[in-house]
Amino acid sequence: MRPAGRAETDSLYFDYPHFDAPKERSHLDAPAPVAIVGAGPVGMTAALALARDGIASVIFDAKSTFNDGSRAICVARQSYYILERLGAVAPFLEKSLGWTTGRSFYRGQQILEFRMPDSPREKYRPMYNIEQQYIEQYLWDAIEREPLIEARWQSEVTAIDDLADAVRLTVRDPNGSYDISADWVLAADGARSTLRKMRGLKLKGENYEGRYVIADVQMDHDYPTIRRALFDPDCRRGGTVLVHKQPDNIWRIDYQLREGENETDAIAEENVRTSVAAVLADLGFTGDWELEWWSVYSANTLALDDYRDGRTFFIGDSAHIVPIFGVRGLNNGLADAQNIAWKLARVIKGQAAEVLLDSYTPERRGATLDVFANASKSARFMTPPTPGWQLMRNAALNLSLTHPFAGELANPRQMTPYTYADSPIVLPDDPGFDGGPVPGAPLPEARVGDGYLSDCLGPGFTLITFDPGLAETVADSDLATVVLQPGSEVAEVLAAGLGSAYLVRPDGHVASRWTRPSSALVCEALNRSLGKDRK
Amino acid sequence: MTPGEVETVYEALALNLDAVGATRRELFLAKLALLLSYDLGDADRVCLRIEEAARNIDH
Ligand SMILES: Cc1cc2nc3c(=O)[nH]c(=O)nc-3n(C[C@H](O)[C@H](O)[C@H](O)COP(=O)(O)OP(=O)(O)OC[C@H]3O[C@@H](n4cnc5c(N)ncnc54)[C@H](O)[C@@H]3O)c2cc1C
């Protein structure tokens with residue numbers, strides 16, 4: 001919502017583009033290898049990731065512009081790697097504000113300062129703040145440079161039917177309606193997914209107590225990019241407030257509504273202004289500010305049982321809704337897009353067996369459940385659901401005034417990279433390793449020469465070895481080999497001895513590793529990673 | 001702990017439960033439980049004691 005007198009996309013700092021419906025209509029019903037429904041950040045990421053692997057797609061969105069309001073603002077390190085692989089990270093780095101630190105306050109007194117894992121061997125900061133409009137804009141800029149993607153705006157998908165070896169979508173735009181068939185469909189149509197409803201699928205899980213208003217204000221506030229959490233502050237006794245800095249002097253303020261506080265009243269402009277003013281007073285800010293946009297949300301942990309339904313895959317918010325305290329909604333969706341894209345591309349190109357696609361749900365739903373576990377902890381601390389949780393939360397906060405260990409309970413734990421442990425395509429670990437990333441874990445970063453380990457990875461799979469002999473014996477068009485120095489920083493991070501090797505997937509997760517590899521073992525692991533062992 | 005020491009703790013608790021007042025008693029006990037658990041440094045043992053403390057509570 002925006003202040004009275006301003007249209008939905010009338011922003012203080014962002015010019016929303018306007019997209020027309022397709023004018024040239026003769027080709028609209030031509031079959032597509034992949035149809036993507038929804039050009040939000042997740043759908044656009046999927047289209048770019050497919051294009052990177054040479055796969056064409058058509059992407060539909062019912063709207064004529066980007067999502068309204070800044071919504072998701074925290075983009076995690078892992079997502080920057082995804083953006084980098086899409087060739088889209090440069091504008092993000094230029095615009096966004098990187099951060100590592102969070103501070104929690106209880107009744108005005110600081111009780112915790114936490115730092116997310118960071119070090120000079122990391123290429124990217126643990127988290128970056130950037131408004132969702134820019135996320136969508138920069139992804140869109142990359143799409144416009146990409147001939148393999150055809151975007152159709154103002155084009156709403158109104159029906160979906162399974163054919164023998166394809167899916168038929170019915171699309172309506174201002175100039176008419178048509179059918180298009182696609183070999184595969186990615187449903188990236190958001191939390192209220194119409195495809196999900198049309199397929200008769202339901203999200204399952206829990207709704208949490210506690211509703212928050214999120215408001216963006218523009219102001220000249222002198223404070224570094226540090227996440228602030230205010231527990232039980234003067235401006236909102238009994239409630240919790242979060243404050244985040246964004247580019248363009250925009251500040252995100254989330255404040256919890258009191259129990260019984262009427263939602264309709266709470267989101268009336270006047271009341272939002274009063275509540276925001278009280279928060280700003282608590283922060284010691286006395287200057288002028290302008291209200292940009294606001295909205296209201298409650299925390300949910302909801303997911304589909306299976307992210308795959310025949311030839312349709314659910315990615316992003318259509319598949320799962322996570323509480324935003326974990327700042328994983330968007331980040332999780334980007335990883336979905338990357339995960340399904342590299343698999344689908346290889347199935348379409350005949351490089352992988354179709355059964356590979358069955359690894360999408362266990363990997364990405366597993367990651368969602370992990371987010372749920374962490375986010376549920378945060379949610380219970382931010383908005384205790386019952387008297388028991390409330391008492392313990394208050395006890396921890398009260399104790400933290402004198403004993404810092406209790407303040408640690410207020411740590412939101414936003415950065416725990418997920419390991420695909422229960423994946424059918426991840427191989428068991430080699431017990432010979434003492435440390436380093438296990439199969440399924442994301443490859444950690446390390447410095448290599450003037451750059452980083454991630455810079456050495458190929459476009460598909462990568463074999464990391466410390467033995468030039470091994471590199472010479474394996475050859476596959478989808479496999480790049482990197483020979484690194486034993487005893488180097490990388491070797492240390494990977495706990496790798498002279499003969500050790502790692503096989504890394506296109507999404508940067510470790511597929512397999514060996515202390516005593518052979519070309520036969522590498523081939524076997526590559527086949528397994530492509531589902532070719534289970535044809 | 002000797003019976004005498006247990007008694008010292010027992011008395012200190014009783015006095016402080018009265019001193020903090022009816023509306024703060026629960027909070028006080030919850031804080032104390034966290035503090036003592038931290039000192040004990042043994043989560044399994046604390047969880048066992050939590051279970052034991054819940055027994056016979058309606059007796
Ligand atoms: C108010 C609000 C605040 C949020 N705050 C945060 C936050 O602070 N942190 C965080 O991590 N996440 C936050 N989120 C969540 C985050 O915005 C989402 O996770 C993210 O936008 C998901 O992207 P998506 O591409 O999956 O879906 P969306 O961005 O919802 O995109 C779905 C797209 O599909 C289109 N579409 C829908 N149906 C059809 C159809 N039938 N045919 C064609 N097109 C269709 C829509 O027009 C839309 O463009 C917030 C969300 C909201 C609503």
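Since the structure is predicted, the reported quantities are computational estimates derived from the model, not experimental observations.

Quick word on the pattern of salt bridges
Residue and element names in this part refer to chain A.
Here comes step 1: Applying the stated criterion across every chain, the model contains 45 salt bridges over all chains.
Here comes step 2: Where E292 meets R6, a salt bridge forms, and the shortest distance between an N and an O atom there is 3.3 Å. Here the residue E292 occupies a position in strand β16 (residues 289-303), and R6 occupies one in the segment before β1 (32-37), the gap between them amounting to 286 residues.
Here comes step 3: E292 sits in the buried class, given a relative accessible area of 1%.
Here comes step 4: Classification of R6 as partly exposed rests on a relative accessible area of 22%.
Here comes step 5: Salt bridges sharing common partners tie together R77, D118, R121, E122 and R125.

Considering the site of the ligand
Residue and element names in this part refer to chain A.
Here comes step 1: Neighbouring the ligand are 29 residues, the closest being D61, N67, Q132, T194 and D317.
Here comes step 2: Here A62 contributes a backbone N or O atom positioned 3.1 Å from a nitrogen atom of the ligand.
Here comes step 3: In this structure, D317 approaches the ligand through a side-chain N or O atom, which is 2.8 Å from an oxygen atom.
Here comes step 4: Notes on the ligand: free accessible area 1000 Å², of which the protein chains cover 88%.
Here comes step 5: Contributing elements (two or more residues each) for the shell around the ligand: α1 (41-52), β9 (156-162) and α8 (329-348).
Here comes step 6: Its residues assigned to classes, the shell around the ligand shows 12 nonpolar, 10 polar and seven charged.

Here we look at the interface of chain B and chain A
Here comes step 1: Contacts between the two partners involve seven residues from chain B and, on the opposite side, nine residues from chain A.
Here comes step 2: Around 860 Å² of area is buried between chain B and chain A when both sides are counted, 87% of it from carbon and sulfur atoms.
Here comes step 3: When the buried surface of chain B facing chain A is broken down by residue, L27, K31 and L34 of chain B rank first, second and third, together holding 56% of it.
Here comes step 4: One can count zero salt bridges joining chain B with chain A.
Here comes step 5: Where chain B touches chain A, the interface holds one residue pair in polar contact (both at pLDDT 80 or more).

Focus: the confidence of the model for chain B
Here comes step 1: Confidence in the prediction for chain B averages 95 pLDDT; 100% of positions are at 70 or higher.
Here comes step 2: Taken together, the chains of this predicted complex give a pTM of 0.94 and an interface ipTM of 0.96.

Concerning the side chain of N67 of chain A
All names here are of chain A.
Here comes step 1: Here N67 is to be found in the loop between β2 (57-60) and β3 (74-76).
Here comes step 2: Only 2.8 Å separates the side chain of N67 from the side chain of E136, close enough to count as a polar contact.
Here comes step 3: Apart from the residues lying within four places of it in its own chain, the contact partners of N67 are Y16, G40, P41, Q132, Q133 and E136.

Some thoughts on the packing of α1 of chain A against α8 of chain A
All names here are of chain A.
Here comes step 1: At a minimum axis distance of 8 Å, the contact between α1 and α8 shows a crossing angle of 30°. Taken together, the axes of α1 and α8 lie roughly parallel to each other. Seen from above, α1 lies across α8 with right-handed handedness. Of the residues in α8, those in contact with P41, V42, T45, A46, A49 and L50 of α1 are L330, G333, L334, A337, A341, L344 and A345.
Here comes step 2: Partitioned by chemical class, the residues of the contact of α1 with α8 number 11 nonpolar, two polar and no charged.

Regarding the nonpolar core
Residues and elements named next belong to chain A.
Here comes step 1: Residues I36, L50, F60, L169, V185, L186 and I315 are the most contacted members of the largest nonpolar core, which totals 103 residues.
Here comes step 2: Ranked by residues supplied to this core, first place goes to α8 with 10 residues.
Here comes step 3: For L169, the residues in contact, after removing those within four places along its chain, are A35, V37, F60, V157, A159, I160, Y178, D179, I180 and V185.

Quick look at the sheet that holds strand β7 (residues 127-129) of chain A
Residues and elements named next belong to chain A.
Here comes step 1: What the three strands build is an open sheet, ordered β3-β7-β4; its pairing is antiparallel. The open sheet terminates on both sides in strands that have one partner only, identified here as β3 and β4 (97-99). Adjacent strand axes in the sheet meet at a mean angle of 30°, parallel and antiparallel pairs treated alike.
Here comes step 2: Judged from the three bridges that link them, β4 and β7 form a sheet pairing that is antiparallel. Looking at the pairing, L97 lines up with N129 of β7.

Thresholds, definitions, all that
Residues numbered from 1 in each chain as written. Chains lettered and ligands numbered in written order. Predicted model: local features only at pLDDT ≥ 70, side-chain atom pairs only at ≥ 80, totals over all residues. Heavy atoms only, no water. Salt bridge = Lys/Arg side-chain N within 4 Å of Asp/Glu carboxyl O. Helix = DSSP H or I, 4+ residues; strand = E, 2+ residues; numbered from the N terminus. Buried < 20%, exposed > 50% of the residue type's maximum accessible area, 1.4 Å probe, protein only. Near = heavy atom within 4 Å. Polar contact = N/O pair within 3.5 Å; in protein donor to acceptor, adjacent residues only side chain to side chain. Areas by Shrake-Rupley, 256 points an atom, 1.4 Å probe, with all protein chains shown as cover. Nonpolar A, V, L, I, M, F, W, Y, C, P; charged D, E, K, R; others polar. Contact = heavy atoms within 4.5 Å. Buried area = accessible area lost by both parts, 1.4 Å probe. pLDDT = per-residue confidence, 0-100. Axes fitted to C-alpha atoms, helices over the stretch in contact; angles between N-to-C directions. Parallel < 35°, antiparallel > 145°, perpendicular 65-115°, else oblique. Left-handed = near helix turned anticlockwise from the far one by under 90°. Core = buried A, V, L, I, M, F, W, Y, C linked by side-chain atoms within 4.5 Å. Pairing = 2+ DSSP bridges.

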